[in-house]
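# Remarks on the overall topology
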Amino acid sequence: MSHLSDPAAVRELLARHGLRLSKGLGQNFLINPSVCPRMAAASGAADCAGVLEIGPGIGVLTWELAQIAPKVIAIELDRRLTPVLKETLSGCGNVEVIWGDVLELDLSRLIQEKFDGEQICVCANLPYYITSPVIMTLLESQLPLSTITVMVQKEAAQRLCAPPGVRACGAVSVGVHYRSRPKILFQVSRGSFLPPPNVDSAVIRFDLLPTPPVAVSHEPTLFQIARGAFSQRRKTAANAISAALGIPKPQVEEALLAAGSPANARAEQLTLEQFAVLANILSE
Ligand code: SAM
């Protein structure tokens, strides 16, 4: 277990480096000693070619991953953390920090360069402000991933794991269930962080599927339709998809009927199979 789970040690470290935490960057660091070992073990880091971590912060999860994974590549946006990570990860020769914005980096190229394109896993305590775009990016790009294990807000975890067709689902749920089998692993209380956020969290794991559960001829269309359908939740799916993709509404309604759904269905009423039929018809 890393000494970085001790709040006094973390405060001393931050003070010594004159570092004020940034709320905007979602800098709530884990100080519950049981969480990082559990997360690292659950991620399957010991059994794949390596791990991609997003947002190492002061390196508490990174350190834990480095104990069991052959190699860890950690992407961090806040360069002020350079001297801190140098210190906290000094004993971890299998860790490399890449400075940059995870949403702007070419992850496909990075994985090819750092892991020879081999299957890796992702493990991260995600900054909450980019939970959905990061998960969308990981699932939509054709990356060689076996699992994605992430800590997110408890409510986001429930939404992400809800299958399409139930009220709690959202656009990301479509990508999640198309690409993976998701599971909420355990909950983490707000008191497990320094500083404590206003919400509780949960750790979820997506086990990537070798083949999707439904046949889709043009995947980008599926993701576009999902995003479009949920972009205006109060409208019918036909109105929202028509507005977002610039497809005439009668054409979308016809596709909805062909998918076995009412023409005036709302996005949260559509199942993954129905999204697939819509994507197959509308991509033609
Ligand atoms: N892994 C550490 C832990 O568990 O204590 C820190 C997690 S903290 C919730 C999120 C981290 O993500 C912060 O270190 C923050 O600077 C970093 N971050 C925020 N936005 C980012 C981005 N766009 N790309 C990469 N890292 C980012």
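Residues numbered from 1 in each chain as written. Predicted model: local features only at pLDDT ≥ 70, side-chain atom pairs only at ≥ 80, totals over all residues. Heavy atoms only, no water.

Another point: the overall build of the chain. The secondary structure content of the chain amounts to 12 helices and nine strands. Taken over C-alpha atoms, the radius of gyration comes to 20 Å for the chain, in line with the 19 Å a tight globule of 284 residues would show. Counting only C-alpha atoms, the chain reaches 65 × 40 × 30 Å along its principal axes. Taking all 284 residues of the chain together, 51% fall into the buried category. Across the chain, the fraction of contacts at a sequence separation of at least 24, relative to all contacts at a separation of at least 6, is 69%. Taken as a whole, the chain presents about 12500 Å² of accessible surface, with 50% of it coming from carbon and sulfur. (Helix = DSSP H or I, 4+ residues; strand = E, 2+ residues; numbered from the N terminus. Rg over C-alpha atoms; globule rule 2.2 N^0.38 Å. Buried < 20%, exposed > 50% of the residue type's maximum accessible area, 1.4 Å probe, protein only. Contact = heavy atoms within 4.5 Å. Areas by Shrake-Rupley, 256 points an atom, 1.4 Å probe, with all protein chains shown as cover.)

Taken together, the neighbourhood of the ligand is formed by 22 residues, with L30, G55, E76, N125 and Y129 sitting nearest. Contact between the ligand and Q27: an oxygen atom at 2.9 Å from a side-chain N or O atom of the residue. Take Y129: an N or O atom from its side chain is 2.8 Å from a nitrogen atom of the ligand. Contact with the protein chains hides 99% of the accessible area of the ligand, taken as 600 Å² for the molecule alone. Comparing atom positions with the cavity grids shows the ligand to sit within the largest cavity. Looking at the shell around the ligand, the elements with two or more residues in it are β1 (29-30) and β3 (72-76). Taken together, the residues that form the shell around the ligand break down as 11 nonpolar, seven polar and four charged. (Near = heavy atom within 4 Å. Polar contact = N/O pair within 3.5 Å; in protein donor to acceptor, adjacent residues only side chain to side chain. 1 Å grid on protein atoms, 1.4 Å probe; cavity = no way out; pocket = protein on both sides within 12 Å on 5 of 7 lines; lining within 4 Å. Sits in = over half its atoms within 2 Å of the grid points. Nonpolar A, V, L, I, M, F, W, Y, C, P; charged D, E, K, R; others polar.)

So, on to the domain arrangement of the chain. What the domain assignment reports for the chain is domain 1 (2-208) and domain 2 (219-282). Contact residues are listed per partner, giving 15 residues for domain 1 and 13 residues for domain 2. Where domain 1 abuts domain 2, roughly 1200 Å² becomes buried across the two surfaces, and 65% of that area is made up of carbon and sulfur atoms. Ranking the residues of domain 1 by area buried against domain 2 places E140, V174 and Y178 at the top, with a combined share of 39%. Here domain 1 is connected to domain 2 by two salt bridges. A salt bridge links R179 to E219; the shortest N-O distance between them is 2.9 Å. Broken down by secondary-structure element, the contributors of at least two residues to the side of domain 1 that touches domain 2 are α6 (131-140) and α8 (171-179). Tallied by class, the residues present in the side of domain 1 that touches domain 2 amount to seven nonpolar, five polar and three charged. (Domains from an automatic or database assignment. Buried area = accessible area lost by both parts, 1.4 Å probe. Salt bridge = Lys/Arg side-chain N within 4 Å of Asp/Glu carboxyl O.)

A separate point is the side chain of S261. Residue placement: S261 occurs in the loop between α11 (249-258) and α12 (272-282). Judged by its relative accessible area of 5%, S261 is buried. Here S261 is in contact with L256, L270 and Q274, once residues within four sequence places are set aside.

Turning to the pairing of strand β5 (residues 120-125), a few remarks are in order. Moving residue by residue along a regular strand, the side chains alternate between the two faces of the sheet. For β5, the buried fraction is high: six of the six residues fall into the buried class. Strand direction decides the pairing type here: strand β2 (residues 51-54) and β5, joined by two bridges, are parallel. What sits directly across from V51, in β5, is C121. Pairing of β5 with strand β6 (residues 145-153), which is carried by six bridges, proceeds in the parallel orientation. Paired with N125 across the two strands is M151, which belongs to β6. (Pairing = 2+ DSSP bridges.)

This part is about the sheet that holds strand β4 (residues 95-99). Taken in spatial order, the seven strands line up as β4-β3-β2-β5-β6-β9-β7 in an open sheet, and their pairing is mixed. The outermost strands of the open sheet, each flanked by one partner alone, are β4 and β7 (180-188). Mean inter-strand twist for the sheet, computed between neighbouring axes without regard to direction, equals 20°. Against the sheet, α8 contacts β7 and β9 (201-208), and its axis sits at roughly 115° relative to β7. (Axes fitted to C-alpha atoms, helices over the stretch in contact; angles between N-to-C directions.)

Right, let's talk about the environment of N28 for a bit. Residue position: N28 is located in the loop between α1 (7-16) and β1. Measuring from C-alpha to C-alpha, the distance between N28 and L194 comes to 5.4 Å, with 166 residues separating the pair along the chain. What N28 contacts, discounting residues up to four positions off in sequence, is N125, F193, L194, P195, P196 and P197. Side-chain polar atoms of N28 contact the backbone oxygen of P195, separated by 2.8 Å.

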